[in-house]
Amino acid sequence: MARKTNTRKVRSAEIELKDKLVAINRVTKVTKGGRHFSFSAIVVVGNENGVVGHGLGKANEVTEAISKAIDDAKKNLIKVPVINGTIPHEQLAKSDGALVFMKPASEGTGVIAGGAMRAVFESVGVHNVLAKSKGSSNPHNVVKATIKALSQLRDAYTVAEQRGVDLQTVFNG
């Protein structure tokens, strides 16, 4: 039986988004006339209040690649449950070769995560989290795995609604 994912899409027109550049990659194509350079950019956008998205842009100029990535990221926004500046529960996710693990942390811990994961957490508004990236360190795969893990998070209200019970039953077992 296929498990239904609970991805929550968000419209970008109604919220103020901040963008963070995760990585720029220069790609060289060798032709008969010499080398031809192009650029790819990975960008994460978010409102630092539970909404985040990522995008990839490719162009011959760096600024154009970044603006394309921002436009792509605004099309891929999701809503993430952030409770008291951290995530509601532990989560593990895999995208291609990247495997990420994240778990909630107490107040004052900070964002304990690598570069690509840190950009995602800061964009979504998580201030206290413990995270580990295993496998591939390719920023694109790490960002995709982190977003996938964040999209699988559920808060207590969502769990109660999906189980068809009241909130008190979720906490009491």
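Residues numbered from 1 in each chain as written. Predicted model: local features only at pLDDT ≥ 70, side-chain atom pairs only at ≥ 80, totals over all residues. Heavy atoms only, no water.

With that settled, consider the overall build of the protein. Summing up its helical and strand segments, the protein has five helices and eight strands in all. Shown N-terminal to C-terminal, the secondary structure of the protein runs as helices and strands in the order β-β-β-α-β-β-β-β-α-β-α-α-α. Taking the principal axes of its C-alpha atoms as reference, the protein extends roughly 70 × 40 × 35 Å. The buried share of the protein, reckoned over its 173 residues, is 38%. Partitioning the intrachain contacts of the protein with sequence separation of at least 6 by distance along the chain shows that 58% fall at a separation of at least 24. A total accessible area of about 10100 Å² is found for the protein, and carbon and sulfur atoms account for 48% of it. Distance from the positive charge centre (25 side chains) to the negative charge centre (15 side chains) of the protein: 9 Å. (Helix = DSSP H or I, 4+ residues; strand = E, 2+ residues; numbered from the N terminus. Buried < 20%, exposed > 50% of the residue type's maximum accessible area, 1.4 Å probe, protein only. Contact = heavy atoms within 4.5 Å. Areas by Shrake-Rupley, 256 points an atom, 1.4 Å probe, with all protein chains shown as cover. Lys, Arg positive; Asp, Glu negative; His and termini not counted. Charge placed at Lys NZ, Arg CZ, Asp CG, Glu CD.)

Let us look at the sheet that holds strand β6 (residues 98–104). If you walk across this open sheet you meet the four strands as β5-β6-β8-β7, and the pairing is mixed. The strands lining the two open edges of the sheet, one partner per strand, are β5 (91–95) and β7 (111–112). Here β7 pairs with strand β8 (residues 129–135) via two bridges, running parallel. Paired with I112 across the strands is L130, a residue of β8. Its contacts with the sheet put helix α2 (residues 115–124) on β6, β7 and β8, and the angle it makes with β8 is roughly 145 degrees. Sheet contacts for helix α3 (residues 139–151): β5, β6 and β8; angle to β6, the most-contacted strand, approximately 45 degrees. (Pairing = 2+ DSSP bridges. Axes fitted to C-alpha atoms, helices over the stretch in contact; angles between N-to-C directions.)

Spatially, the four strands line up as an open sheet ordered β1-β2-β3-β4, and their pairing is antiparallel. One side of each edge strand has no neighbouring strand; the edge strands of this open sheet are β1 (18–31) and β4 (78–79). In this sheet, strand β2 (residues 34–46) lies alongside β1 in antiparallel orientation, the contact comprising 13 bridges. Within β2, the position partnered with A23 by the bridge is I42. Each of β1, β2 and β3 (51–59) is contacted by helix α1 (residues 62–74), which is oriented at about 145 degrees to β3, the strand it contacts most.

Turning to unusual backbone geometry, a few remarks are in order. Despite not being glycine, N84 shows a phi value in the positive range, around 55 degrees. Within the secondary structure, N84 sits in the loop between β4 and β5. Residues other than glycine seldom take positive phi values, yet D96 does so here, at roughly 55 degrees. Topologically, D96 is positioned in the loop between β5 and β6.

In this section: the pattern of salt bridges. Scanning all chains against the criterion turns up three salt bridges. One salt bridge connects E122 with K20, and the closest N-O pair in it is separated by 3.8 Å. With E122 in helix α2 and K20 in strand β1, this residue pair connects regions lying 102 residues apart in the sequence. (Salt bridge = Lys/Arg side-chain N within 4 Å of Asp/Glu carboxyl O.)

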